[in-house]
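A closer look at the structure
Okay, here's what each chain looks like letter by letter:
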Amino acid sequence: MLNILEYNEEVLFVKEPVINICQKDISFLKERAKRTKRGRIRLCAHSDISESIHEMIIVHPQNAYIRPHKHIGKTESAHIIEGSINVLIFTETGDISNTIKMNDCSSGDNFYCRMPSGLYHSMLIKSDWLVFLETTKGPFKKEDTVFAPWAPKENDTNMVRKFVSELHNRIK
């Protein structure tokens, strides 16, 4: 079992010098995610938010809303461990400019994506669970993430439901 420190209900840090993750750990993360308000969790391999490189195993349920956002001065990469998604890339005005189908590496589909700084993006999760490794530049600063003004806020559940439904229709 991993030696972890809980930063908050959705963010855990591994407190070991050498970190090994196995399927048992993924199952543990899914169970922990079920108990969080938003149903998601991340396990940080970096020691704290001030580190220069952030590596996180992130677990999201199928119904997770990832509000379209972009990062200022930071690239990020995602490597799918388990699950299936469509990554959506948006223009500044909210049009979908690209859709990338991703699955785990055994699928034959894309399993890795590197997103440059300054592009609005989101994910539509197609599987029951999505488990992925995200790597980005630290330190973590909330102001480095800019949410799309044309996308509803997470707490506006009716607008989120409508927006996500429209996104699914737009990529068909």
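Source: prediction; values computed, not measured. (Residues numbered from 1 in each chain as written. Predicted model: local features only at pLDDT ≥ 70, side-chain atom pairs only at ≥ 80, totals over all residues. Heavy atoms only, no water.)

What about unusual backbone geometry?
The linkage connecting Gly-138 with the following residue, Pro-139, adopts the cis geometry, with an omega of -5 degrees. Relative to the helices and strands, Pro-139 is located in the loop between strand S11 (129-137) and strand S12 (145-147). (Helix = DSSP H or I, 4+ residues; strand = E, 2+ residues; numbered from the N terminus.)

Here's the deal with the packing of aromatic side chains
Evaluated as defined, the whole model comprises 5 aromatic pairs. For the pair Tyr-65 and Phe-163, a centre-to-centre distance of 6.3 Å together with 85 degrees between the ring planes defines the contact as edge-to-face. Of this pair, Tyr-65 sits in the loop between strand S4 (53-61) and strand S5 (69-71) while Phe-163 sits in helix H2 (residues 157-170), placing them 98 residues apart in sequence. Owing to a relative accessible area of 8%, Phe-163 belongs among the buried residues under this scheme. One aromatic cluster is present, built from ring pairs that chain together Tyr-65, Phe-90, Tyr-120, Trp-150 and Phe-163. (Phe/Tyr/Trp six-rings, centres within 6.5 Å; stacked < 30°, edge-to-face > 60°. Buried < 20%, exposed > 50% of the residue type's maximum accessible area, 1.4 Å probe, protein only.)

Focus on the sheet that holds strand S2 (residues 11-14)
Pairing in this open sheet of 7 strands is mixed, and the strands run S1-S2-S3-S4-S11-S6-S9 from one edge to the other. Two strands bound the open sheet, and with one partner strand each, they are strand S1 (4-8) and strand S9 (112-115). Within this sheet the neighbouring strands show an average axis-to-axis angle of 25 degrees, counted without direction. Bridge analysis of strand S3 (residues 41-44) against S4 gives 4 bridges, and the strand direction is antiparallel. Bridge assignment links Ile-41 to a residue of S4, and that residue is Val-59. (Pairing = 2+ DSSP bridges. Axes fitted to C-alpha atoms, helices over the stretch in contact; angles between N-to-C directions.)

That is the geometry; function is a separate question.
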